[in-house]
Amino acid sequence: MKINHNRPTVAVHKFTSCDGCQLAILNLGEALLTLTELVEIKQFAEAGILDEHATVDIAFIEGSISTPREMAQVKKIREQSHYLIAMGACATSGGIQALRNMSDGQAWIDAIYASPQHIESLTTSTPLSDHVRIDLELWGCPVSSHQITATVRALLFGVLPKIEHDKVCMACKRSQAVCVMVSRGEPCMGPVTNTGCGALCPQFGRGCYACYGPAENPNPNALASRFEGLGMSASEISRNFLFINNNAPVFQTIGQKYSERRDE
Amino acid sequence: MSEKTININVPVLARVEGEGALDIRIENGRITQLKLRIFEPPRLFEKFLEGRHYNEVPDIVTRICGICPVAYQMSAVYAFEALFNTQITPWIDMMRRVYYCGEWIESHALHIHLLAAPDFFGFESAPAMAKQFPDEVRRGLQLQGLGNEIIKLFGARSVNPIGVKIGGFHKAPEAETVAVLLHKLRAALPDAKALLEWVTTFDFPERSQDFVSVSLQHPFEYPINMRGTAIRSSAGHKIAINEFEAHFKESQVPHSTALHCHLDGEPYLAGPLARLNLNYNLLHDEVKETLGNIDIAFPSSNPYHNIVARAAEVYYGLLEAVRLLEDYRRPASPAVEVTPIAGTAYGCTEAPRGLLWHRYEIDDSGIITAARLVPPTSQNQARIEADLRLSLEALGLDNDEATLRQHAEQVIRNYDPCISCATHFLDLRVSRR
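Residues numbered from 1 in each chain as written. Chains lettered and ligands numbered in written order. Predicted model: local features only at pLDDT ≥ 70, side-chain atom pairs only at ≥ 80, totals over all residues. Heavy atoms only, no water.

## A few points about the overall build of chain A
Assigned secondary structure in chain A consists of 13 helices and five strands. Here the C-alpha atoms of chain A give a radius of gyration of 20 Å, agreeing with the 18 Å that 2.2 N^0.38 yields for 264 residues. For chain A, the spread of C-alpha atoms along the three principal axes comes to 55 × 50 × 30 Å. The buried share among the 264 residues of chain A stands at 58%. A sequence separation of at least 24 residues applies to 73% of the contacts in chain A between residues at least 6 apart. Carbon and sulfur atoms make up 51% of the accessible area of chain A, which totals about 10,400 Å². Taken as two groups, the 22 positive and 26 negative side-chain charges of chain A have centres that lie 5 Å from each other. (Helix = DSSP H or I, 4+ residues; strand = E, 2+ residues; numbered from the N terminus. Rg over C-alpha atoms; globule rule 2.2 N^0.38 Å. Buried < 20%, exposed > 50% of the residue type's maximum accessible area, 1.4 Å probe, protein only. Contact = heavy atoms within 4.5 Å. Areas by Shrake-Rupley, 256 points an atom, 1.4 Å probe, with all protein chains shown as cover. Lys, Arg positive; Asp, Glu negative; His and termini not counted. Charge placed at Lys NZ, Arg CZ, Asp CG, Glu CD.)

Structure below.
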């Protein structure tokens, strides 16, 4: 399949998610109208455009895989798409709903549903990359409009966009925000978290909660030790890592370590 | 007698937030089965809220719905503050109202322009409609953008905003930032008025349906936040927020896969039209004047007027944000101290789509032991199905399938169902064959 650089075709699909990342597109304002001129949108149910089986140049998927139907669907979308892009925390790490993976997922479903045998839900919530090859991952809960437009623009030029993997701390320093951990002893996940949000939380005087996922070469053990030094319990430390991107391996390993310590 | 059976199946319902589908069976000229099915996989929020600290809740519940995160935050913070006897300052209460107006403007403008209006002109989508109505669509997207800017003022970003905590905000906006935004909001007031006037010119099918409207009610404010409110209905109910579960029951209907919430056994309407029907007098004079010049009387029994109510609330929200920001002063602290108390916390606010009710049980250390969330879409399920039966029969079941399908979709979209949130409540029972 050759990508049509003049007016590429685009599909936006939704799996298990909150719709928030699709809003990165629907919130573009006037740029949304420009976007629909630059690319031909073939599938985007929330915007009223339906052609689920269209072969496209660029497919964005929001959401994690949590049902047998989604498992089959993602494979089909892979076959019919030149570039497959995972959009947001659910698609890149399984999302906050992946917390069930570490518990007894079936027990959770059994506790909630009177007739669990009718629930077509897996006991796990997993990222797209567990199921198919992904060309690009856009992390963030939610992704920003800038991430989407920058990606489409780069692909229009025939290249994949360059994604920054610095830590939030870098963006925080550049924004001249005061470090909440140094100045106030407030726990902050910035030292292990991917940049991309613009260090919003520290600029609002609160700690980062890692919604953009693990940064490149993070040192979660050192950060967890620092948290201990701040007087946080093992349970609190565990909850800090096992949050939005709990299923990202770097966070999961350390989060589970502290979670087990709590049980001792 | 005719044995003819028509099955209309709309596999994916476009232009609703989240994914649902509708099955209708017509036998011998009557609707014998009508199912609004939901495709949304459960995410089990109530389950993983257990074991979390109450401080984490404003950052967890935003993830339930990308379109109304403010509503989820607000129902949660008011719930905990009520349980803890936290006395927030008038500044906090006022600024939360501004913040919430931002979400009403954003969500309603999005729904009117990107999701609902194309139905009234026969377009498949908003981009298609924009070719013929460029100015109207552009105006709508700008209003949506302004709503988002208000949310960002307090929350840094409009989806999953990060500025809210139990007891107030993490940061108070700078006076200069507020002044710049206030200027833009004032400048947009004529646009919001024009939007309302435009929407009232839509061609509404003549419908009169007998339904009960339900909303929060406050003695002197149009209902948004929780303080000082009770749940009221057009049938005369007055229900305290912590008595919700005694009157509102969710139950499974055999032919439906979605839970239906009933008020004392009856379907009811929540959301913009219900709010307007019950609180018309509390609107700003500018909104009432504009509505007074049109041919629609409120309270209205035509569900299609939901879109008019939505446009009226965009105008109201903008006027209200201007009013509350006009004498903005930055306070010494954007939040008050909170001392947790174990017990059951009840919260309810008016999400863009209607009542959003929360209950949390927490222990001595502030950890949540149980949670229940009742979103507006589950409350409107029964009403949507009732409307579908009435509307399709009024349209005439002899119409061809494409016409019936188009009409049914329009009826559903008119309620702005947010299906991604409707599947998050604890007791959803799905049965599939």
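Text resumes after the structure shown.
## Focus on the domain arrangement of chain A
Buried accessible area, meaning the area lost when the parts come together, often serves as the stated size of an interface. Residues and elements named next belong to chain A. Under the domain assignment used here, chain A contains domain 1 (9–156) and domain 2 (168–263). The C-alpha centroid of domain 2 is placed 26 Å from the C-alpha centroid of domain 1. Counting residues at the interface gives 17 residues for domain 1, matched by 14 residues for domain 2. Taking both sides of the interface into account, the surface hidden between domain 1 and domain 2 amounts to around 1,100 Å²; carbon and sulfur atoms contribute 57%. Of all residues in domain 1, Met102, Trp139 and Cys141 bury the most surface against domain 2, accounting for 45% of the area lost on that side. Viewed at the interface, domain 2 and domain 1 are joined by zero salt bridges. The set of elements that each furnish at least two residues to the side of domain 1 that touches domain 2 consists of helix 4 (89–93) and helix 5 (99–102). Looking at the side of domain 1 that touches domain 2 element by element, the count peaks at three residues for helix 5. (Domains from an automatic or database assignment. Buried area = accessible area lost by both parts, 1.4 Å probe. Salt bridge = Lys/Arg side-chain N within 4 Å of Asp/Glu carboxyl O.)

## Focus: the interface of chain B and chain A
Taken together, the contact between chain B and chain A spans 63 residues of the former and 53 residues of the latter. Buried surface at the junction of chain B and chain A, summed over both partners, amounts to about 5,100 Å²; 63% is from carbon and sulfur atoms. At the boundary of chain B with chain A, the tally comes to three salt bridges. Our enumeration of links across chain B and chain A arrives at 15 residue pairs in polar contact (both at pLDDT 80 or more). With 10 residues, the top contributor of residues to the side of chain B that touches chain A is helix 6 (residues 134–155) of chain B. Grouping the amino acids of the side of chain B that touches chain A by side-chain chemistry returns 30 nonpolar, 15 polar and 18 charged. (Polar contact = N/O pair within 3.5 Å; in protein donor to acceptor, adjacent residues only side chain to side chain. Nonpolar A, V, L, I, M, F, W, Y, C, P; charged D, E, K, R; others polar.)

## Focus on the sheet that holds strand 13 (residues 368–374) of chain B
Residues and elements named next belong to chain B. Pairing in this open sheet of three strands is antiparallel, and the strands run 11-12-13 from one edge to the other. Only two strands of the sheet have a single partner each, and these edge strands are strand 11 (343–351) and strand 13. Put simply, the sheet's adjacent strands are angled 15° from each other on average, direction ignored. The pairing of strand 11 with strand 12 (residues 354–362) spans nine bridges and is antiparallel. Across the sheet, Thr344 pairs through a bridge with Glu361, a residue of strand 12. (Pairing = 2+ DSSP bridges. Axes fitted to C-alpha atoms, helices over the stretch in contact; angles between N-to-C directions.)

## Concerning the packing of helix 4 (residues 90–121) of chain B against helix 6 of chain B
Residues and elements named next belong to chain B. Where helix 4 meets helix 6, the closest approach of the two axes is 8 Å, and the angle between their N-to-C directions is 155°. By the angle between their axes, helix 4 is roughly antiparallel relative to helix 6. By crossing handedness, the relation of helix 4 to helix 6 is classed as left-handed. On helix 6, the residues touching Met95, Val98, Tyr99, Gly102, Glu103, Ile105, Glu106, Ala109, Leu110, His113 and Leu114 of helix 4 are Glu136, Val137, Gly140, Leu141, Leu143, Gln144, Gly147, Asn148, Ile150, Ile151, Phe154 and Gly155. In terms of residue class, the contact of helix 4 with helix 6 is built from 13 nonpolar, seven polar and three charged. (Parallel < 35°, antiparallel > 145°, perpendicular 65-115°, else oblique. Left-handed = near helix turned anticlockwise from the far one by under 90°.)

## Comments concerning the sheet that holds strand 8 (residues 238–239) of chain B
Residue and element names in this part refer to chain B. Here we have three strands laid out as an open sheet, ordered 6-7-8, and antiparallel in their pairing. Of all the strands in the sheet, just strand 6 (214–217) and strand 8 have a single pairing partner and so form its edges. Across the sheet, helix 9 (residues 272–279) touches strand 6 and strand 7 (230–233), and the angle it forms with strand 6 is around 55°.

## What to know about unusual backbone geometry
Note the cis peptide between Cys141 of chain A and Pro142 of chain A, where omega equals 10°. In this fold, Pro142 of chain A is placed in the loop between strand 5 (136–138) and helix 7 (145–156). Following Phe298 of chain B, the chain continues to Pro299 of chain B via a peptide bond in cis, the omega torsion being 5°. Mapped onto the elements of the fold, Pro299 of chain B is located in the loop between helix 10 (285–292) and helix 11 (306–325). Of note, Leu44 of chain B is a non-glycine position whose phi angle comes to about 65°, a positive value. Structurally, the position occupied by Leu44 of chain B is in the loop between strand 3 (30–38) and helix 1 (45–49). At Asn160 of chain B, a residue that is not glycine, the phi angle is positive and equals roughly 50°. Assignment of secondary structure puts Asn160 of chain B in the loop between helix 6 and strand 4 (164–165).

## Describing the pattern of salt bridges
All names here are of chain B. What the rule picks out here adds up to 31 salt bridges over all chains. Note that Lys47 is salt-bridged to Glu50, the shortest N-O span being 3.6 Å. Overall, Glu50 belongs to the partly exposed group, its relative accessible area being 33%. Of the charged contacts, one joins Asp119 and Arg413 as a salt bridge, the two residues approaching to 2.6 Å between their closest N and O atoms. Remark: Arg413 occurs in helix 13 (residues 401–414) and Asp119 occurs in helix 4; sequence separation between them is 294 residues. Ionic contacts of the salt-bridge type, sharing partners, join the residues Arg97, Glu221, Glu320 and Arg323 into one network.

## Looking at the packing of aromatic side chains
On inspection of all chains with the given rule, the structure shows 30 aromatic pairs over all chains. Taken together, a centroid distance of 4.5 Å and an interplanar angle of 15° make the contact between Phe244 of chain B and Trp357 of chain B stacked. Taken together, the residues span a long stretch of sequence, with Phe244 of chain B in helix 8 (residues 244–247) and Trp357 of chain B in strand 12 at a distance of 113 residues. As far as burial versus exposure is concerned, Phe244 of chain B and Trp357 of chain B are alike and both buried. Here a set of aromatic residues connected by ring pairs shows up, and it is made of Phe120, Phe121, Phe123, Phe133, Trp198, Phe202, Phe204 and Tyr304 of chain B. The ring of Phe157 of chain A carries Arg153 of chain A above its face, with NZ or CZ at 5.3 Å from the centroid. (Phe/Tyr/Trp six-rings, centres within 6.5 Å; stacked < 30°, edge-to-face > 60°. Lys NZ or Arg CZ within 6 Å of the ring centre and 35° of its normal.)

## Remarks on helix 4 of chain B
With 32 residues, helix 4 of chain B ought to run about 46 Å at 1.5 Å a step, and its terminal C-alpha atoms sit 44 Å apart, in line with that. By the largest-angle criterion, Ile112 of chain B marks the main kink of helix 4 of chain B, which is about 40°. (Expected span 1.5 Å × (residues − 1). Bend = angle between axes of the 7 residues up to and from the residue.)

## Points about the pairing of strand 12 of chain B
Residue and element names in this part refer to chain B. Of all the nine residues making up strand 12, eight are buried; the element is thus mostly covered by neighbouring parts of the structure. From the end of strand 11 to the start of strand 12, which pair antiparallel, there are two residues. Judged from the six bridges that link them, strand 12 and strand 13 form a sheet pairing that is antiparallel. Note that in strand 13 the partner of His358 across the bridge is Leu373. Connecting strand 12 to the next strand, strand 13, in antiparallel fashion are five residues, including Gly366 with a positive phi near 85°.

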